[in-house]
Amino acid sequence: MTEQKRQGSPAVSATRDTQPALCSKNAPPDTLSGNTLNQELQTQHENQVRDLQQYICELLIKNQRLRWLLELVKNHQREGIPDDYDQNIATN
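As the structure is a computational prediction, the values presented were derived from the model and not from experiment.

Moving on: the overall build of the chain. Within the chain one finds three helices and zero strands. In the chain, the order of α-helices and β-strands from amino to carboxyl end is α-α-α. Sequence-distant contacts, at least 24 apart, represent 58% of the contacts inside the chain between residues at least 6 apart. Carbon and sulfur atoms make up 52% of the accessible area of the chain, which amounts to about 8,000 Å² in all.

Here is the structure:
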């Protein structure tokens, strides 16, 4: 999974886009405010949930890698392995 740099929280960026221009001169107002608006909001909500799920997965993966690295460093310190060995492991 590739990590993407985020400008902010996915929840914040999705909230900015929740008011799309849905008005059309030919469509009756009750149709726009009913089905189309609900579908648009549902789609945006699903996209926001998917983005948050992906972000959570990325954080969980990063957390696990950091735990493994921390455990590795702790084990090496207990065994008396030189510090420069830990730095080589961390950079690779």
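Chain-level statistics for the chain give a pLDDT mean of 74 and a share of 51% at 70 or above. Per-element confidence in the chain is highest for helix α2 (residues 29-79), whose mean pLDDT is 91, and lowest for helix α1 (residues 10-16), whose mean pLDDT is 47. Counting contacts from residues 11-23, a segment whose pLDDT is below 50, to residues more than four positions away or on other chains yields 13 contacts.

On to the environment of Asn47, then. With respect to the helices and strands, Asn47 occurs in helix α2. Looking at Asn47, its side chain comes within polar contact range of the side chain of Arg50, at 2.9 Å.

Cut-offs used in this document
Residues numbered from 1 in each chain as written. Predicted model: local features only at pLDDT ≥ 70, side-chain atom pairs only at ≥ 80, totals over all residues. Heavy atoms only, no water. Helix = DSSP H or I, 4+ residues; strand = E, 2+ residues; numbered from the N terminus. Contact = heavy atoms within 4.5 Å. Areas by Shrake-Rupley, 256 points an atom, 1.4 Å probe, with all protein chains shown as cover. pLDDT = per-residue confidence, 0-100. Polar contact = N/O pair within 3.5 Å; in protein donor to acceptor, adjacent residues only side chain to side chain.

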